[in-house]
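Listed here are the chains, written in short residue letters.
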Amino acid sequence: MLTTSLPGGTWTLGGLTVTRFGYGAMQLAGPGVMGPPADRDGALAVLRTAVELGITHIDTSAAYGPTVTNQLIREALHPYPDSLHIVTKVGANRDPQGGWPPARDPQSLRRSVHENLETLGLDVLDLVNLRLGDAAGPLPGSLADAFETLADLQRQGLIRHLGVSNATPEQVAEAQAIAPIVCVQNMYNLAHRRDDELIDALAGQGVAYVPFFPLGGFSPLQSSVLSTVAARLEATPMSVALAWLLRRSPNILLIPGTSSATHLRENIAGAALSLSNDDLAELDTIGR
Ligand SMILES: NC(=O)c1ccc[n+]([C@@H]2O[C@H](COP(=O)([O-])OP(=O)(O)OC[C@H]3O[C@@H](n4cnc5c(N)ncnc54)[C@H](OP(=O)(O)O)[C@@H]3O)[C@@H](O)[C@H]2O)c1
């Protein structure tokens with residue numbers, strides 16, 4: 001059994017135990033998540049530091065770079081420790097302008113699963129999320145054809161577990177009618193709380209919720225309430241935002257992104273911050 005000193009303890013995704021404090025690799029690619037990073041050695045060091053500090057959940061996608069973050073993960077960490085679980089996503093390509101056009105037809109999904117296997121150097125992917133919607137957020141519409149394709153690849157033994165990303169609650173339910181899911185990865189943070197009900201419903205089912213942009217993504221979280229609470233606790237707003245997510249629900253897994261090993265250490269220390277009921281009530285006013 002995995003024990004950890006990381007804040008939040010562990011969670012079991014299907015049969016895979018992961019630390020609730022994970023790491024999102026997207027920020028390791030070049031500007032606009034295109035091309036290689038300016039500081040390649042620094043990027044490799046961040047990944048090695050994450051594992052040295054005990055993180056066992058790394059989030060990536062062949063669309064990052066494209067394939068840049070997968071190749072960095074492989075170079076930094078392969079052969080992977082048994083405890084490490086790399087979660088990837090399929091369903092979007094990159095265009096030359098850095099856009100994220102959908103690629104959810106069966107042929108593209110199959111190609112993308114094989115591309116992830118190859119670039120990560122794996123025979124089986126631990127967890128694959130089907131990315132839906134577009135860069136602006138979830139969009140309604142059936143995921144049946146796409147999700148059935150992934151369920152088929154799972155039956156072939158290429159994928160252990162499935163999840164959905166950027167999904168509406170209706171799409172989550174539609175996916176669950178096709179095959180079990182172990183996580184939903186959607187945008188959520190202190191200031192963006194559209195998924196409050198979904199998080200609680202998934203907690204009741206034992207399904208993980210993995211918020212992307214936990215720190216606001218490309219535009220850092222800004223709120224006078226957050227700044228006030230952080231100043232009172234002599235902490236950074238980022239620490240408060242991460243600690244709040246861990247407290248928000250036991251099924252929330254963190255994958256904050258950073259290209260800096262120093263920030264990674266700061267975020268781990270920050271997520272351990274203790275929040276009182278008064279702090280929580282005050283923070284609760286931000287996104288409501
Ligand atoms: N499913 C999807 O559609 C989807 C979409 C977006 C992202 N994701 C996943 O979610 C992960 C998390 O999202 P994200 O990385 O975009 O956003 P995020 O975690 O909300 O924020 C990352 C940003 O915060 C900065 N940062 C982190 N720690 C800091 C610190 N201690 N002090 C100052 N700045 C700090 C980073 O800059 P530095 O590099 O300078 O630290 C980076 O600019 C991604 O890495 C990716 O794996 C998934």
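The rules behind the values
- Residues numbered from 1 in each chain as written.
- Predicted model: local features only at pLDDT ≥ 70, side-chain atom pairs only at ≥ 80, totals over all residues.
- Heavy atoms only, no water.
- Pairing = 2+ DSSP bridges.
- Helix = DSSP H or I, 4+ residues; strand = E, 2+ residues; numbered from the N terminus.
- Contact = heavy atoms within 4.5 Å.
- Axes fitted to C-alpha atoms, helices over the stretch in contact; angles between N-to-C directions.
- Core = buried A, V, L, I, M, F, W, Y, C linked by side-chain atoms within 4.5 Å.
- Buried < 20%, exposed > 50% of the residue type's maximum accessible area, 1.4 Å probe, protein only.
- Near = heavy atom within 4 Å.
- Polar contact = N/O pair within 3.5 Å; in protein donor to acceptor, adjacent residues only side chain to side chain.
- Areas by Shrake-Rupley, 256 points an atom, 1.4 Å probe, with all protein chains shown as cover.
- Nonpolar A, V, L, I, M, F, W, Y, C, P; charged D, E, K, R; others polar.
- Salt bridge = Lys/Arg side-chain N within 4 Å of Asp/Glu carboxyl O.

## Topic: the sheet that holds strand S4 (residues 57–59)
With parallel pairing, 7 strands are arranged side by side in an open sheet as S3-S4-S5-S6-S7-S8-S9. Every interior strand has two partners, whereas the edge strands, strand S3 (23–24) and strand S9 (208–209), have only one. With 6 bridges connecting them, strand S6 (residues 125–131) and strand S7 (residues 159–165) associate as parallel partners. Each bridged residue has a counterpart across the sheet, and for Asn129 the counterpart in S7 is Gly163. Taken strand by strand, helix H4 (residues 144–155) contacts strand S5 (85–90), S6 and S7, and its axis lies near 160° from that of S7.

## Concerning the nonpolar core
Among the nonpolar cores identified, the biggest contains 76 residues, and Tyr23, Leu150 and Val164 are the most heavily contacted of them. Per-element accounting of this core gives the leading share, 7 residues, to helix H8 (residues 237–248). Beyond its immediate stretch of four places on either side in the chain, Leu150 contacts Val90, Leu109, Val113, Val128, Leu130, Ile159 and Leu162.

## A look at the site of the ligand
Near the ligand lie 25 residues; those nearest to it are Asp59, Ser165, Thr258, Ser259 and His263. One of the backbone N or O atoms of Met26 is found 3.2 Å from an oxygen atom in the ligand. For the ligand, an oxygen atom lies 2.8 Å from a polar atom in the backbone of Gly217. Here the ligand loses 85% of its free accessible area of 900 Å² to cover by the protein chains. At 3 residues, helix H9 (residues 261–271) tops the list of elements feeding residues into the shell around the ligand. Broken down by class, the residue content of the shell around the ligand amounts to 10 nonpolar, 11 polar and 4 charged.

## Here's the deal with the pattern of salt bridges
Tallied over the entire structure, the rule returns 11 salt bridges. Between Arg160 and Asp126 there is a salt bridge, with the nearest N and O atoms lying 2.6 Å from each other. Here Arg160, found in strand S7, pairs with Asp126, found in strand S6; they are 34 residues apart in sequence, far enough to count as distant. In this structure Asp126 comes out as buried when scored by relative accessible area, which is 9%. For Asp284, the salt bridge goes to Arg193, with nearest N and O atoms at 2.7 Å. Separated by 91 residues along the polypeptide, Asp284 in helix H10 (residues 277–284) and Arg193 in the loop between strand S8 (183–185) and helix H6 (196–205) bring together distant segments of the chain.

## As for unusual backbone geometry
With an omega of -20°, the peptide bond running from Gly65 to Pro66 counts as cis. As for its position among the elements, Pro66 is in the loop between S4 and helix H2 (68–77). Here the amide bond leading from His78 into Pro79 is cis, since omega sits at 0°, within 30 degrees of zero. Here Pro79 lies in the loop between H2 and S5.

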